[in-house]
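Below, each chain spelled out in residue letters.
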Amino acid sequence: MKVTVCIGSSCHLKGSRRVVESLQYLIAENNLKDKVDLGGTFCMGNCQNGVCVTVDDKNFSASPDTIEEFFKTEILAKV
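None of the values given here were measured: they were computed from a predicted structure.

Observations regarding the sheet that holds strand β1 (residues 2–6)
- Across the sheet, four strands lie side by side as β2-β1-β3-β4; this open sheet has mixed pairing. Strands with a single pairing partner mark the edges of an open sheet, and in this sheet they are β2 (37–41) and β4 (58–62). Strand-to-strand twist in this sheet, taken as the mean axis angle between neighbours without regard to direction, amounts to 25 degrees.
- Of the pairings in the sheet, the one linking β1 to β2 comprises five bridges and is parallel in character. In the strand pairing of β2, K2 is matched with D37.
- The strands touched by helix α2 (residues 16–29) within the sheet are β1, β2 and β3 (51–55), with β1 carrying the most contacts at an inclination of about 155 degrees.

Spelled out as structure tokens, the structure:
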């Protein structure tokens, strides 16, 4: 599974760094390092929708406050 988080300026201001750090922690905590490829990219062209995250090329919007629930439903449940 490939997970990409936007780290462009707009998403950075909305907390993309904390989103990435949370995902790194959750991936490690759930022993998924060999199943989830976490990466970053600059602007994904969807700035108005918060921190942009793709999971296997499907677009989502997340925030530091919603990332744990997002991880459970969109990553952990599908691995």
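Things to note about helix α3 (residues 67–75)
- Buried within α3 we find I67, F70, F71, E74 and I75. Mapping the buried residues of α3 onto a view down its axis gives an arc of 100 degrees, with all of them on the same face.

Rules and cut-offs
Residues numbered from 1 in each chain as written. Predicted model: local features only at pLDDT ≥ 70, side-chain atom pairs only at ≥ 80, totals over all residues. Heavy atoms only, no water. Pairing = 2+ DSSP bridges. Helix = DSSP H or I, 4+ residues; strand = E, 2+ residues; numbered from the N terminus. Axes fitted to C-alpha atoms, helices over the stretch in contact; angles between N-to-C directions. Contact = heavy atoms within 4.5 Å. Buried < 20%, exposed > 50% of the residue type's maximum accessible area, 1.4 Å probe, protein only. Arc of directions from axis to C-beta.

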